[in-house]
Amino acid sequence: MERDELTRIAALLEQIRDNQSELLARQREALEFQRSQLELVRRQSERSERIQDRAEELQARGAGIMTIARRSIAIVLPIVILLILYLTWLIFR
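Counting from 1, residues in each chain are numbered in the order their sequence is written. It should be noted that, the model being predicted, local features are given only for residues of pLDDT at least 70 and side-chain atom pairs only at 80 or more, the latter also being counted only at that level, while totals for whole chains, interfaces and linings use all residues. Side-chain metrics rest on all non-hydrogen atoms present in the structure, leaving aside hydrogens and water.

Student: I keep staring at the pattern of salt bridges and nothing clicks. Help me out?
Tutor: Each salt bridge in this description consists of a side-chain nitrogen of Lys or Arg and a carboxyl oxygen of Asp or Glu lying within 4 Å of one another. As enumerated under the stated definition, the model contains six salt bridges in all. In this structure, Glu-32 engages Arg-35 in a salt bridge whose closest nitrogen and oxygen atoms are separated by 4.0 Å. Highlighted residues: Glu-32 and Arg-35, both in helix H1 (residues 3-92), separated by three residues, approximately one helical turn. Residues Arg-61 and Glu-57 are paired through a salt bridge, measuring 2.8 Å at the closest nitrogen-oxygen approach. Here Arg-61 and its partner Glu-57 are both found in helix H1, four residues apart, which amounts to about one turn of the helix. Only DSSP runs of H or I reaching four residues or more are called helices, and only runs of E reaching two or more are called strands; each is numbered from the N terminus.

Student: Got a minute to help me understand a negative patch on the surface in this structure?
Tutor: Excluding any residue in a salt bridge, patches collect residues exceeding 30% relative accessible area, merging like charges within 9 Å and nonpolar Val, Leu, Ile, Met, Phe, Trp and Tyr side chains within 5 Å. The accessible surface values rely on the Shrake-Rupley method and a 1.4 Å probe; as for residues, cover is taken only from the protein chains in view. Residues counted as positive are Lys and Arg, residues counted as negative are Asp and Glu, and His and the chain ends are not counted. Lys charges are placed at NZ, Arg charges at CZ, Asp charges at CG and Glu charges at CD. A cluster of acidic residues, Glu-46, Glu-49, Asp-53 and Glu-56, forms a negative patch on the protein surface. Along the chain, Glu-46 falls in helix H1. According to the relative accessible area criterion, Glu-46 is partly exposed, its value standing at 41%. Classification of residues uses two cut-offs on accessible area relative to the type maximum, computed with a 1.4 Å probe and protein chains only: under 20% is buried, over 50% is exposed, and between them is partly exposed.

Student: Would you take a moment to explain the packing of aromatic side chains for this structure?
Tutor: Think of a pair of aromatic rings as described by two things: how far the centres are apart, and how the planes are tilted against each other in angle. A pair of aromatic rings is counted whenever rings of Phe, Tyr or Trp (Trp by its six-membered ring) have centres within 6.5 Å, and the orientation is called stacked for planes under 30 degrees apart, edge-to-face for over 60 and tilted otherwise. Taken as a whole and assessed by the stated rule, the structure comprises one aromatic pair. Between Tyr-86 and Trp-89, the aromatic rings sit 6.1 Å apart at their centres with planes inclined by 25°, giving stacked as the arrangement. Placement of both Tyr-86 and Trp-89 in helix H1 is noted, with a separation of three residues, approximately one turn of the helix.

Student: Mind showing me how you'd approach a nonpolar patch on the surface here?
Tutor: Residues Ile-75, Val-76, Ile-79, Val-80, Leu-83 and Ile-84 make up a contiguous nonpolar surface patch of roughly 540 Å² in combined accessible area. By the secondary structure assignment, Val-80 is in helix H1.

Below is the structure:
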């Protein structure tokens, strides 16, 4: 082989090496970006779990309040009706 060809081959090999190094650097950047995205998704998932737990807790409390309200109405409503009837009786007597 001639000297020019050897020089050209060496230059091509150096260019291939440089391109591979650049490719590895970009892959490292992409991997770091993916890691940061994964961490963000993990944090958002944990946050949504906490929100979901809190929502379930609030729903359970609301169901308890509704149960108490229904029982209270069952007791209070007849008393109110009786008082209205008594008041009506007093007025028209």
